[in-house]
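Chain by chain, the residues:
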Amino acid sequence: MHRGKGMKFVGDSRIKAEKTSQIPKDYSEYPGRTEAFWPNFLLKEWLVGAVFLVGFLILTLAHPSPLEGMADPTDAAYIPLPDWYFLFLYELLKYKYASGDFILFGILVLPGLAFGALLLAPFLDNGPGRRPHQRPIAVGMMLLGLVSVIWLTYTSASHVNWQERAEANKPIPESSVVVDTEHEGFAAYEASCMTCHGAELEGSAAAPTLVGIEYTPEEIATIAKEGTGSMPAGIFTGSDEELEQLADFIITVNESAE
Amino acid sequence: MSKEKQQVSRRQFLNYSLMGVGGFMAAGLLVSPIRMAIDPVLKKSDSGDYANVGLSVDDITTEPQRVDWTVEQVDGWYESEPSKTAWVYKDDNDEIVALSPICTHLGCVVSWEGNEQYPEQFFCPCHDGRYEKDGTNIKGTPPLAPLAVYEQKVENGILFLGNAIDRKGA
Amino acid sequence: MLQKVYDWIDERIDITPIWRDIADHEVPEHVNPAHNFSAFVYCFGGLTFFVVVIQILSGMFLTMYYVPDIENAWKSVYYLQSEVAHGQIVRGMHHWGASVVIVMLLLHTLRVFFQGAYKKPRELNWIVGVLIFFVMLGLGFTGYLLPWDNKAYFATQVGLEIAEQVPFIGTELKTLLAGDASIVGAQTLTRFFAIHVFFLPAALFALLAVHFILIRRQGISGPL
């Protein structure tokens, strides 16, 4: 590289007139099969990236991102659940010594110790050896932490019936449902069904939505009388004529939603 | 020697000045944004207003009854009228008790004698949590704290309820 | 033609040294999966960065439709994923990317940990890395609220209640995060949006820059 006297510049700028070589450096003198980052290694890395991207896109196509119904602060029956990577903290707080009088232990001391130790790991584990068996305490603590996080996450997730949750909280676009309160079947709906299935057939924690069901009027009438799934029999107590009107009402609302 | 010392102090002076001016610019830029960001913390809370729940004191019995009312809630530029619920009764000392129906376990809604197997108790359908009539959680069921109690006052024989106050775990 | 354009620019502003500075470094054999398949563990860091790029891109495009307002946030998300062509995919990329980035970050962290690669002189880079991990969790927490659906709302409420339990500053901390002392509402959503889209990404970019510069200065850790 040129320094000091004799340097040539482009015009009156500070740009050097002599150009840098664009050929990669020679790494053949380095130990082993060392190669240049650009372009040799980067190509391999991008090949891995391309395979990864294909897998990732397949995941997004196979599993559409979930969206539940619009937030309803008055829906007091909703059981909250954080995203999966916070589940272990959430589960931790259900234990006796991490909640109630010990809540500080659960929300500050334990996570603080764990994350603080993670942050300061190089200073806590400051011996010269790098191999895992040369630092059994650090590796042991990490394994312990890892196992507890995995176990807490698993315990938390195994309590949840994910399918039922997804079913019960399907999004319903507000505008699509027209509830005709003048309909002759509405009175029967109001009397028998509304407390659980909601004023706009949107469902609640106790019962699924009635919008988008694929039943015939006869099947709806049967379910109203005999129940299905967790719905008990004998909820509808009116006359057969009212039952027919009720089924017709539910079908009408469904047609309006389409 | 002394000349050299002076030169160093001159550079120091310039450095201090630079930091001073830099600090002034940073402060000038950030004072208002930070004050804006922490405004909600410093704002006086206007909650604690008592709301008329539309229940005459004479109608309150020793049997808990469900009372629904709405409060005006101002959330910044967004005004709404969320509904609230309480279980209201008179205890043995003829004092009015208004319990929040929010289960202290995970926030579901409890109801009085909500399960036929457990008479004279509040029952939460989500995880079978149970509470005594005074709101105390029953040991061995999921909730760890008693039901919250509403602040209350009586004006002209009408019950007014305020905020729900959490109680310590039993 | 392209070569001429490049030469024209290079003559005036000398750009070759800039990119050669990024390109010119060696990759030793022990991190190269082509020579030693078990070296695939060294890919996790790069893949984490790749997912971060996916997150930035998909997030930028999502804001073309999204509005951070409690009456319209959910509707805008519903609209973009049910009415907009490929909206479902872009939201899916952002949604699943948020999970995948945590997984990749975890694998990368574990690789560095079990190889003891954070030991002297690389302590600082480990700390920067853990800070990146915290920022990512913050991005996950704030991003979870934005669709304003039930799970978002109630999970955030739980998170804020946990913050409120912190001694002395709990109430203030919660109010600062939520924008209101008792309501999780309009002001919470705008706050979380600002934190998710501007504050945390700014911190993330700064930390990532330090992370990469330190790697280049110190070089990759040697074989065990």
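These figures come from a predicted structure and were not determined experimentally.

**Here we look at the overall build of chain B**
Here comes step 1: Across its full length, chain B holds 2 helices and 11 strands.
Here comes step 2: Ordered by position in the sequence, the α and β elements of chain B form the string α-α-β-β-β-β-β-β-β-β-β-β-β.
Here comes step 3: Relative to the globule expectation of 15 Å for 170 residues, the C-alpha radius of gyration of chain B, 28 Å, shows a markedly less compact shape.
Here comes step 4: For chain B, with 170 residues in total, the buried portion stands at 29%.

**Some thoughts on the environment of Phe41(A)**
Here comes step 1: By the element assignment, Phe41(A) lies in helix α1 (residues 37-62).
Here comes step 2: Linking Phe41(A) and Met231(A), residues 190 residues apart in sequence, is a C-alpha distance of 61 Å.

**Digging into the packing of aromatic side chains**
Here comes step 1: A complete count under the given rule lists 25 aromatic pairs over all chains for this structure.
Here comes step 2: Plain terms: the ring middles of Trp84(A) and Tyr85(A) are 5.3 Å apart, the flat faces sit at 85 degrees to each other, and that makes the pair edge-to-face.
Here comes step 3: Given a relative accessible area of 35%, Trp84(A) falls into the partly exposed group.
Here comes step 4: Taking the centre distance of 4.8 Å and the plane angle of 65 degrees together, the rings of Trp112(B) and Phe122(B) count as edge-to-face. Of this pair, Trp112(B) sits in strand β7 (residues 111-112) while Phe122(B) sits in strand β8 (residues 122-124); the two residues are 10 residues apart in sequence, bridging distant segments of the chain. Phe122(B) matches Trp112(B) in its accessibility class, with the two residues each being buried.
Here comes step 5: Chaining the aromatic ring pairs together yields one cluster made of Trp84(A), Tyr85(A), Phe86(A), Phe141(C) and Phe192(C).
Here comes step 6: Above the face of the Phe113(C) ring, Arg135(A) is positioned so that its terminal group lies 5.3 Å from the ring centre.
Here comes step 7: One cation-aromatic arrangement involves Arg130(B) over Tyr118(B); the distance from NZ or CZ to the ring centre is 3.8 Å.

**Describing the UniProt feature "transmembrane region" (unreviewed entry) in chain A**
Residue and element names in this part refer to chain A.
Here comes step 1: When the UniProt feature table is mapped onto this chain numbering, "transmembrane region" (unreviewed entry) sits at residues 46-63, 102-124 and 136-154.
Here comes step 2: This span, residues 46-63, is 94% helix and 0% strand, and a straight line between its end C-alpha atoms measures 25 Å.
Here comes step 3: Counting secondary structure, residues 136-154 comes out at 100% helix and 0% strand; the distance between its end C-alpha atoms is 26 Å.

**Here's the deal with the domain arrangement of chain B**
Here comes step 1: Here chain B is described as being made up of domain 1 (10-41) and domain 2 (51-165).
Here comes step 2: The C-alpha centroid of domain 2 of chain B is placed 51 Å from the C-alpha centroid of domain 1 of chain B.

**With respect to helix α4 (residues 73-82) of chain C**
Residues and elements named next belong to chain C.
Here comes step 1: Looking only at α4, the buried set comprises Ala-73, Trp-74, Ser-76, Val-77, Leu-80 and Gln-81. Buried residues in α4, looked at end-on, bunch into an arc of 165 degrees, giving them a common side.
Here comes step 2: Against the buried residues of α4 lie α3 (43-62), α5 (87-114) and α9 (186-218).

**Re the interface of chain A and chain C**
Here comes step 1: Each partner contributes residues to the interface: chain A has 79 residues there, and chain C has 85 residues.
Here comes step 2: Between chain A and chain C, the buried area comes to about 7,500 Å², and carbon and sulfur atoms account for 69% of it.
Here comes step 3: Inspection of the chain A/chain C interface yields 3 salt bridges.
Here comes step 4: At the junction of chain A with chain C, the criterion picks out 30 residue pairs in polar contact (both at pLDDT 80 or more).
Here comes step 5: Every element with two or more residues in the side of chain A that touches chain C is listed here: β1 (35-36), α1, α3 (103-119), α4 (121-124) and α5 (136-158) of chain A.
Here comes step 6: Of all the elements, α1(A) adds the most residues to the side of chain A that touches chain C, at 13 residues.

**Side note on the sheet that holds β7(B)**
All names here are of chain B.
Here comes step 1: Spatially, β7-β8-β9 is the arrangement adopted by the 3 strands of the open sheet, whose pairing is antiparallel. Each edge of the open sheet is held by one strand with a lone partner, namely β7 and β9 (129-131).
Here comes step 2: Of the strand pairs in this sheet, β7 and β8 are connected by 2 bridges, and their pairing is antiparallel. Residue pairing for β8: Trp-112 is matched across the bridge by Phe-122.

**Observations regarding the environment of Asp7(C)**
Residue and element names in this part refer to chain C.
Here comes step 1: Tracing the sequence through the fold places Asp-7 in helix α1 (residues 2-13).
Here comes step 2: Classification of Asp-7 as partly exposed rests on a relative accessible area of 39%.
Here comes step 3: C-alpha separation for the pair Asp-7 and Ala-117, spaced 110 residues apart in sequence, amounts to 42 Å.

**Observations concerning the UniProt feature "transmembrane region" (unreviewed entry) in chain B**
Here comes step 1: On the UniProt side, "transmembrane region" (unreviewed entry) is annotated at positions that read residues 12-34 of chain B here.
Here comes step 2: Helix makes up 100% of residues 12-34 of chain B and strand 0%, whereas the separation of the span's terminal C-alpha atoms amounts to 31 Å.

**Quick look at the pairing of strand β10 (residues 149-155) of chain B**
Here comes step 1: Looking at chain direction, β10(B) and strand β11 (residues 158-165) of chain B are connected through 6 bridges and run antiparallel. Counted as the bridge partner of Tyr150(B) is Ala164(B) from β11(B).

**Considering a negative patch on the surface**
Residue and element names in this part refer to chain A.
Here comes step 1: On the surface, Glu-184, Glu-218, Glu-219, Glu-241, Glu-242, Glu-244, Asp-248 and Glu-255 cluster together into a negatively charged patch.
Here comes step 2: Those elements that place two or more of their residues in the negative patch are α9 (217-226) and α10 (240-257).
Here comes step 3: When residues in the negative patch are grouped by element, the largest group, 5 residues, is from α10.
Here comes step 4: Summarising the element assignment, Glu-255 is placed in helix α10.
Here comes step 5: In this structure Glu-255 comes out as exposed when scored by relative accessible area, which is 52%.

**Digging into the side chain of Lys90(B)**
Residue and element names in this part refer to chain B.
Here comes step 1: Take Lys-90: it is sitting in strand β5 (residues 83-90).
Here comes step 2: Although Lys-90 lies buried, it forms no salt bridge, and the closest oppositely charged side chain, Asp-94, sits 4.6 Å away as judged by the N-O distance.
Here comes step 3: From its side chain, Lys-90 meets the backbone oxygen of Val-57 in a polar contact 3.4 Å long.
Here comes step 4: The contact partners of Lys-90, leaving out residues within four places of it in the chain, are Val-57, Ile-60, Thr-61, Thr-62, Glu-95 and Ile-96.

**Notes on a nonpolar patch on the surface**
Here comes step 1: On the surface, a cluster of nonpolar side chains totalling about 700 Å² of accessible area is made up of Tyr97(A), Phe102(A), Leu104(A), Phe105(A), Leu108(A), Val109(A), Leu110(A) and Leu113(A).
Here comes step 2: Among the secondary structure elements, Leu110(A) is positioned in helix α3.

**Observations concerning α5(A)**
Here comes step 1: With 23 residues, α5(A) extends 32 Å from end C-alpha to end C-alpha; this agrees with the ideal 33 Å at 1.5 Å per step.
Here comes step 2: Buried positions along α5(A) lie against α2 (87-92) and α3 of chain A together with α5 of chain C.

**Some details on the nonpolar core**
Here comes step 1: With 27 residues, the main nonpolar core has Ile132(C), Met136(C) and Leu204(C) as its most contacted residues.
Here comes step 2: Going through the elements one at a time, α1 of chain A together with α3, α5, α6 (123-145) and α9 of chain C are the ones with two or more residues in this core.
Here comes step 3: With 7 residues, α6(C) is the single largest residue contributor to this core.
Here comes step 4: Leave out the neighbours within four places in its chain, and Met136(C) touches Val52(C), Val101(C), Ile102(C), Leu105(C) and Leu204(C).
Here comes step 5: Listed in part, the 21 residues of the second largest apolar core include Tyr78(A), Trp148(C), Leu160(C) and Phe192(C).

**Some thoughts on the confidence of the model for chain B**
All names here are of chain B.
Here comes step 1: Mean pLDDT over chain B stands at 82; residues scoring 70 or higher make up 90%.
Here comes step 2: Considering each helix and strand of chain B separately, the mean pLDDT is smallest for strand β1 (residues 51-56), with a value of 81, and largest for helix α2 (residues 39-42), with 89.
Here comes step 3: Complex prediction metrics read pTM 0.81 and ipTM 0.92.

About the criteria used
Residues numbered from 1 in each chain as written. Chains lettered and ligands numbered in written order. Predicted model: local features only at pLDDT ≥ 70, side-chain atom pairs only at ≥ 80, totals over all residues. Heavy atoms only, no water. Helix = DSSP H or I, 4+ residues; strand = E, 2+ residues; numbered from the N terminus. Rg over C-alpha atoms; globule rule 2.2 N^0.38 Å. Buried < 20%, exposed > 50% of the residue type's maximum accessible area, 1.4 Å probe, protein only. Phe/Tyr/Trp six-rings, centres within 6.5 Å; stacked < 30°, edge-to-face > 60°. Lys NZ or Arg CZ within 6 Å of the ring centre and 35° of its normal. UniProt positions renumbered as here; feature names shortened; annotations may be inferred. Domains from an automatic or database assignment. Arc of directions from axis to C-beta. Contact = heavy atoms within 4.5 Å. Buried area = accessible area lost by both parts, 1.4 Å probe. Salt bridge = Lys/Arg side-chain N within 4 Å of Asp/Glu carboxyl O. Polar contact = N/O pair within 3.5 Å; in protein donor to acceptor, adjacent residues only side chain to side chain. Pairing = 2+ DSSP bridges. Patch = residues over 30% accessible without salt bridge, like charges linked within 9 Å, V, L, I, M, F, W, Y side chains within 5 Å. Areas by Shrake-Rupley, 256 points an atom, 1.4 Å probe, with all protein chains shown as cover. Lys, Arg positive; Asp, Glu negative; His and termini not counted. Charge placed at Lys NZ, Arg CZ, Asp CG, Glu CD. Expected span 1.5 Å × (residues − 1). Core = buried A, V, L, I, M, F, W, Y, C linked by side-chain atoms within 4.5 Å. pLDDT = per-residue confidence, 0-100.

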